[in-house]
Amino acid sequence: GSMLEPDECRKRHPSSNVPQQSLPSLLDLALGARAQLAKERAMLNAINVYPVADGDTGSNLLHTVDAVVAALRNDPAVVPETIGDAVLLGARGNSGTILSALVRTAVLQLGRGVVDGPAIAAALGAGAEAAYRAVPEPVEGTMLTVARALAEASEGADIRSALDSALAGAQRALLETPMQLEQLRSAGVVDAGAAGLVAILTGLIAVLDGVAVVDDGAVFVMPELHGSDPTSRYQYCLGFVVRDGDAEELRVVASEWGDSLVVVGDDRLLRVHVHVDDPDAVLVTAGVFGSVSNVAWSDMRAEMMVQATQRDAVGQVALVYDSTADLPTPDCPNWTMVPLTVHFGDSEFRDYVDLTAAAFYERLAHSPDHPTTSQPSPGAFVAVYADLLERYEHVVSVHISSRLSGTYASALVAAEQFPGRVTVIDSRSVSMPFALGLGRAQAALDAGADPSALPALFAALNDHSDCLFSVSTLEYLQRGGRIGRAQALVGTLLGFHPILAIEAGEVVAAGRVRGEDKLLPALVAEFVERSTRYREIDVAIAHAADPERAALLESRVRAARPGIRSLRILTLGAVVGAHAGPGALGLAYLSAD
């Protein structure tokens, strides 16, 4: 539950000793911090001269805090781990990534017990230490210095005293930053990231003082154009997330990539920010350590955004998808996953909720029962839609091909309960192309598209994409009734491996090869032949709990053709895995145009 109890009456007189029972909610506190950053955003951008004068610190900090607001808005009683993930996934830029280290660590520590003054001081101290650890070569006179100073200054038995003293310490340290860093002294400014920390504390204390907060939805912080900085050694500002990787090994390798490096998180979820000359090479290397996603980069010399696959969440539109997209962790705060169900005999599990992909394949190897799957009920969708429509104007609900599942039909039935407010879309895909399509749908919403335009968007995407995969046996597809026109291959595969495709929403045969050693080359050759007409593409690879084989396929794919704008690796979850079976491996592309 919430670490601070909600306040029943928010109007009160300022006090240096706010009673514990009258504390505002976490959402109100986050809104207060966001409101103060919004007021100071332009100023923070204007004084941003370190580590490069790219004029976006205020926007980056605001975007990062807004990710926390979005998580709390979706669930005011959200657990600390979810807040920590939200701030890490929403972090933008050098300053936002450092802030995510501080906030993530502090929130997790506060979630362990009673929150009072000493607990606040201890959490701020742990957060400052995490921020320092996130930067391989910490520089004093920056937000790191102020983070440590505010933690050291924090004292008092109650929360308000701890925050008041922390703010006073932060303000003193902020004024000293020009004396610690030549770039600041020459420009006659204080450090922008450090000033952002002061703004956040100021906003928190304002809410404790009873200042009313209003949640107007997302703040729509579009990426700032990087200002030209001829002193910067590197050309590109790159940020991305690595899931399920080796954090310590990646930190060692990342130290060789460039400058302004910040690495925050752990093996489960890691956020990286770095300035480099070759983003593609960095992403290829990072992909060796885990699944890379949420990639965004900008050209600091050309003063233009050249890549942004993670946009701001649009507060007016929620996006619902089902678990067959194989995205157990939503890419954006306004996304919600509805799980399908897998059955082993009398045991029933919700995909990714009750049964992880790893646990599914372990059970699959030992269970005497063949797994079956079932779609969500219309009632499950009604509950999700009703909840979201309390906070969003409209819901876009995108689902697995209606030729492969009844999920789309269930969603249509549920949508009838909310006339004009839910748009249901048949993606005509599953897994990899489904995940890629969701990203494009969000990009369209970010650009101002009306939800009514998205069905046509998905229809167009299907005309400019392909999905190829292979399975160890056709048994699972056949038993599940999902084999489609690939039925023609049954009985002809002695010594051969099939290459299958998803076309018009159903499984079809695309070829077969003799010998395991010929499978990956054949998959890649078919992929290149089908995608060669597109100059730039986005790619997804999916595997049945076999990351080594997926990494090998990735290296072959990247070497086979230029113009791969992004590449993400997915693990097939329980529902898709129940029909593909162990040993399944696939890839899909979507034209970038």
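Residues numbered from 1 in each chain as written. Predicted model: local features only at pLDDT ≥ 70, side-chain atom pairs only at ≥ 80, totals over all residues. Heavy atoms only, no water.

## A closer look at the pattern of salt bridges
Summed over all chains, the structure comprises 18 salt bridges. The shortest N-O distance in the salt bridge between R160 and D164 comes to 2.9 Å. Here D164 and R160 lie together in helix α7 (residues 159-180), a separation of four residues that amounts to about one turn. Overall, R160 belongs to the buried group, its relative accessible area being 9%. A relative accessible area of 26% means that D164 is categorised as partly exposed. Taken together, the shared-partner salt bridges in this structure form one network comprising D85, R104, D266 and R268. (Salt bridge = Lys/Arg side-chain N within 4 Å of Asp/Glu carboxyl O. Helix = DSSP H or I, 4+ residues; strand = E, 2+ residues; numbered from the N terminus. Buried < 20%, exposed > 50% of the residue type's maximum accessible area, 1.4 Å probe, protein only.)

## Examining the confidence of the model for the protein chain
Of all residues in the protein chain, 84% attain a pLDDT of 70 or more, and the chain-wide mean is 82. Scored below 50 in pLDDT, residues 218-231 makes 51 contacts in the model with residues more than four places away or belonging to other chains. Below pLDDT 50 for its whole length, residues 483-492 participates in 24 contacts with residues either more than four positions away or in separate chains. (pLDDT = per-residue confidence, 0-100. Contact = heavy atoms within 4.5 Å.)

## Here we look at helix α15 (residues 432-446)
Under the 1.5 Å per step criterion, the end-to-end length of α15 is 22 Å for 15 residues, consistent within 8% with the ideal 21 Å. For α15, the tally of buried residues reaches 13 of 15 residues, placing the bulk of the element in the interior. Where α15 ends, the next residue or the one after it, G448, has phi of about 100°, a positive value. (Expected span 1.5 Å × (residues − 1).)

## Regarding the nonpolar core
Soluble, globular proteins show a tendency: their nonpolar side chains are buried together. By size, the foremost hydrophobic cluster in this structure holds 72 residues, and its most contacted members are L37, L72, I120, L150, L197 and L201. At twelve residues, the largest contribution of residues to this core is made by helix α9 (residues 192-208). If we skip the residues at most four places from it in the chain, L72 touches L26, L27, A30, V78 and I83. In this structure, F458, L461, V507 and V576 belong to the second largest nonpolar core, which totals 52 residues. (Core = buried A, V, L, I, M, F, W, Y, C linked by side-chain atoms within 4.5 Å.)

## Quick look at a negative patch on the surface
Where like charges cluster on the molecular surface, the negative patch consists of D244, D246, E249 and D267. Here D267 lies in the loop between β2 (259-265) and β3 (269-276). (Patch = residues over 30% accessible without salt bridge, like charges linked within 9 Å, V, L, I, M, F, W, Y side chains within 5 Å. Areas by Shrake-Rupley, 256 points an atom, 1.4 Å probe, with all protein chains shown as cover. Lys, Arg positive; Asp, Glu negative; His and termini not counted. Charge placed at Lys NZ, Arg CZ, Asp CG, Glu CD.)

## Observations concerning the packing of helix α4 (residues 93-110) against helix α5 (residues 117-134)
One can describe the packing of α4 onto α5 by two numbers: an axis separation of 7 Å at closest approach and a directional angle of 145°. Pair α4 / α5 crosses with right-handed handedness. Counting all contacts with α4, which are made through I98, A101, L102, T105, A106, Q109 and L110, the residues of α5 involved are A119, I120, A122, A123, A126, G127, A128, A130, A131 and A134. Its residues assigned to classes, the contact of α4 with α5 shows 14 nonpolar, three polar and no charged. (Axes fitted to C-alpha atoms, helices over the stretch in contact; angles between N-to-C directions. Left-handed = near helix turned anticlockwise from the far one by under 90°. Nonpolar A, V, L, I, M, F, W, Y, C, P; charged D, E, K, R; others polar.)

## So, the side chain of S260
Tracing the backbone shows S260 in strand β2. For S260, the contacting residues outside a window of four places in its chain are P51, N94, H273, V274 and H275.

## Regarding the sheet that holds strand β6 (residues 317-322)
Taken in spatial order, the four strands make up an open sheet running β7-β6-β11-β12, and their pairing is parallel. Each edge of the sheet is formed by a strand with only one pairing partner; in this case those strands are β7 (335-338) and β12 (422-426). This sheet shows a mean twist of 20° between the axes of neighbouring strands, independent of strand direction. Two strands pair when backbone bridges link them, and β6 and β7 are joined in this way by four bridges, in the parallel orientation. Pairing of Y321 across the sheet is with M337, part of β7. Lying on the sheet, α15 is in contact with β6, β7 and β11 (394-399); it crosses β6 at an angle near 175°. (Pairing = 2+ DSSP bridges.)

## Considering the sheet that holds strand β8 (residues 341-344)
Strand order in this open sheet of three strands is β9-β8-β10, and the pairing throughout is antiparallel. Taken across any chain shown, the strands that pair with only one partner, and hence form the sheet edges, are β9 (347-350) and β10 (372-374). Sheet twist, expressed as the average angle between the axes of neighbouring strands with direction ignored, equals 30°. Pairing analysis gives four bridges linking β8 to β9, with the strands arranged antiparallel. Considered in β9, the bridge of V342 is made with F349.

## Some points on the packing of helix α6 (residues 143-153) against α7
Where α6 meets α7, the closest approach of the two axes is 8 Å, and the angle between their N-to-C directions is 145°. Crossing of α6 against α7: the hand is right-handed. On α7, the residues that touch T145, V146, A149, L150 and A153 of α6 are S165, A166, G169, A170, R172, A173, L174, T177 and Q180. Across the contact of α6 with α7, the residue classes break down as eight nonpolar, five polar and one charged.

## Section: unusual backbone geometry
Positioned with a positive phi, S260 is a non-glycine residue whose angle comes to about 55°. A positive phi angle, close to 70°, is found at Y352, a residue other than glycine. Tracing the sequence through the fold places Y352 in the loop between β9 and α12 (357-366). Since its relative accessible area comes to 15%, Y352 is described here as buried.

## A few points about the packing of aromatic side chains
Summed over all chains, the structure comprises eight aromatic pairs. The interplanar angle of 45° and the centroid separation of 5.9 Å between the aromatic rings of F344 and F360 together place this pair among those described as tilted. Here F360 lies in helix α12 and F344 lies in strand β8, a separation of 16 residues in the sequence. Considered together, F344 and F360 belong to a single accessibility category, that of buried residues. Both rings, one in Y385 and one in F418, keep their centres 6.1 Å apart while their planes meet at 85°; by these two values the pair is edge-to-face. On the criterion of sequence distance, the pair formed by Y385 in helix α13 (residues 378-388) and F418 in the loop between α14 (407-415) and β12 is long-range, its members being 33 residues apart. The pair formed by Y385 and F418 is uniform in burial state, with each residue classed as buried. An aromatic cluster is built from F344, F360 and Y361, whose rings are joined through pairwise contacts. (Phe/Tyr/Trp six-rings, centres within 6.5 Å; stacked < 30°, edge-to-face > 60°.)

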